[in-house]
Amino acid sequence: MNYKHILFLFITVLFLNSCSDETDCCPMPEPEADFASGIFVLNEGNFGSANSSVSFINEESGEKQVQIFKNKNGFDLGDTAQSIELHENLAIIVVNVSNKLEIVDRYTFESLGTIETNLLNPRYAEVVGKNLYVTNWGNGVDSADDFVSVFDLTDYSFIQSIPVAEGPEKLITANNKIYVAHKGGYSFNNQISVLDAASNSVTAELEVGFLPNSMLVSGSDLWVLYSGKPSYAETETAGGLSRIDISSDKVMESMSFSENSVHPENLSTNGSDVFFTIGKSLYKYSIGGELPVSAEFSFEEAAVLYGFAMNNEKIYVASPNADFTGDGNLYIYGLDGSLLDQYSTGINPNGVYFN
């Protein structure tokens, strides 16, 4: 019996079964790929300075690389990098002020193309099938010009724009639909738009709490975390959670914290557990239960909790300096709140992504 073949088959099955929704069952990288396994930290830089960057950290070796986009491609990433969407072998970087998308191979970070048209204040990206969807604020002072751009991911050509409500931000897909959270851009919004991926049209606009900031799908439900209106608004409101039935696209329930000063963010999962943050503290939530009243622990080392992610029983907090100048830091915690490691990053790190 050929045990080598059996071992290879076993490893292949394990890899395919381990793909997450975020990676969309990405192809296995070449062994010599520079960034085959590790962490990307997106650094937005300073507004108007065109000094965005991406750092790479190999947790196993402790090796850190800076400016990997510029070092690989010979030109700057751009002004105010907003987010990264990882899909198959691609990393799609949304650069907000530069009004462009930089598309690279996620394992080598070599440029595959740039999209610079039909974008205005782009924010986040999501892939459904062969289509790439990008939220855009449009002109921030115009509440009626916000849209979602649709591109063909096979050749990066433009397909169409979908007009949507003010301030579209993060997207999530379920049942061949795209749910868009509307924080409101320069204003305050409390909507979730539902887009049909087959017709590229808005099929529903749902009202949740003000400033929906993160979403997750659990079974037949979409859970939406909203932060509520901040203290500088005319009337401050509390944050909370809304539950949407994704089969009927109806809001089934909403529950807010009792105090208007509570503004949760960063709805995340680790296995079957659900977490979110309030300020620099972590809270654990049981799906379908009551909102938690006490924190698990706080991230005291972080000056500002600006980027947040959970992966493989660890918590990753990206923190700029308190004055948002100079290089920031990435802090890595255990689920018990212990600080496991920390790394310096580029200027104003705002997101953490995993290969």
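Bear in mind the structure is a predicted one, so any value in this text is a computation, not a measurement. (Residues numbered from 1 in each chain as written. Predicted model: local features only at pLDDT ≥ 70, side-chain atom pairs only at ≥ 80, totals over all residues. Heavy atoms only, no water.)

J.: Please provide a residue-by-residue account of the sheet that holds strand β14 (residues 191–196), values included.
T.: Strand order in the open sheet formed by four strands is β12-β13-β14-β15, with antiparallel pairing between adjacent strands. Both outer strands of the open sheet, β12 (168–174) and β15 (201–207), are each paired with one neighbouring strand and no more. Sheet twist, expressed as the mean angle between neighbouring strand axes with direction ignored, is 25 degrees. (Pairing = 2+ DSSP bridges. Helix = DSSP H or I, 4+ residues; strand = E, 2+ residues; numbered from the N terminus. Axes fitted to C-alpha atoms, helices over the stretch in contact; angles between N-to-C directions.)

J.: Can you break down the packing of aromatic side chains residue by residue, with the values?
T.: Counting across every chain of the model gives 17 aromatic pairs. Pairing F69 with F75 gives two aromatic rings, centres 5.2 Å apart and planes at 90 degrees, and the pair type is edge-to-face. Put simply, the rings of F35, F40, F56 and F109 pair up and form one aromatic cluster. If you follow K229 out to its NZ or CZ, it ends over the ring of F210, 4.3 Å from the centre. (Phe/Tyr/Trp six-rings, centres within 6.5 Å; stacked < 30°, edge-to-face > 60°. Lys NZ or Arg CZ within 6 Å of the ring centre and 35° of its normal.)

J.: Help me get a handle on the sheet that holds strand β24 (residues 307–311), residues and values and all.
T.: In sheet architecture, strand pairing relies on hydrogen bonds along the backbone and comes in two forms, parallel and antiparallel. Judged by pairing direction, the sheet is antiparallel, and its four strands sit side by side in the order β24-β25-β26-β27 without closing on themselves. Of all strands in the sheet, those with a lone pairing partner are β24 and β27 (339–347), marking the two edges. For this sheet, the mean angle separating the axes of adjacent strands, direction not counted, is 20 degrees. Where β24 meets strand β25 (residues 314–319), five bridges bridge the pair, whose relative direction is antiparallel. The residue of β25 that forms the bridge with F308 is V317.

J.: Residue-level account of unusual backbone geometry, with values.
T.: Even without being glycine, N118 reaches a positive phi, approximately 60 degrees. Looking at where N118 falls in the secondary structure, it is placed in the loop between β7 (111–115) and β8 (122–128). Its relative accessible area of 34% is what places N118 among the partly exposed residues. Positive phi, normally seen in glycine, also occurs at E313, with a value near 65 degrees. Among the secondary structure elements, E313 is positioned in the loop between β24 and β25. (Buried < 20%, exposed > 50% of the residue type's maximum accessible area, 1.4 Å probe, protein only.)

J.: Kindly report on the pairing of β12, identifying the contributing residues and their values.
T.: Of all seven residues in β12, five are buried; the element is thus mostly enclosed. Turn length for the β12-strand β13 (residues 177–182) hairpin, with the two strands adjacent in sequence and antiparallel, is two residues, and the turn residue N175 shows positive phi of about 55 degrees.

J.: I'd like a rundown of the nonpolar core, residues and numbers included.
T.: Counting 17 residues, the largest nonpolar core has F40, L42, V54, L77, I93 and F109 as its most contacted members. Listing elements by their share of this core, those giving two or more residues are β1 (39–43), β2 (53–58), α2 (68–73), β4 (81–87) and β5 (90–95). Ignoring sequence-local partners within four residues, the contact set of L77 consists of L42, S52, S53, V54, F69, I93, V95, K100 and E102. One finds F257, V262, I278 and Y285 within the second-largest nonpolar core, a separate group that totals 15 residues. (Core = buried A, V, L, I, M, F, W, Y, C linked by side-chain atoms within 4.5 Å. Contact = heavy atoms within 4.5 Å.)

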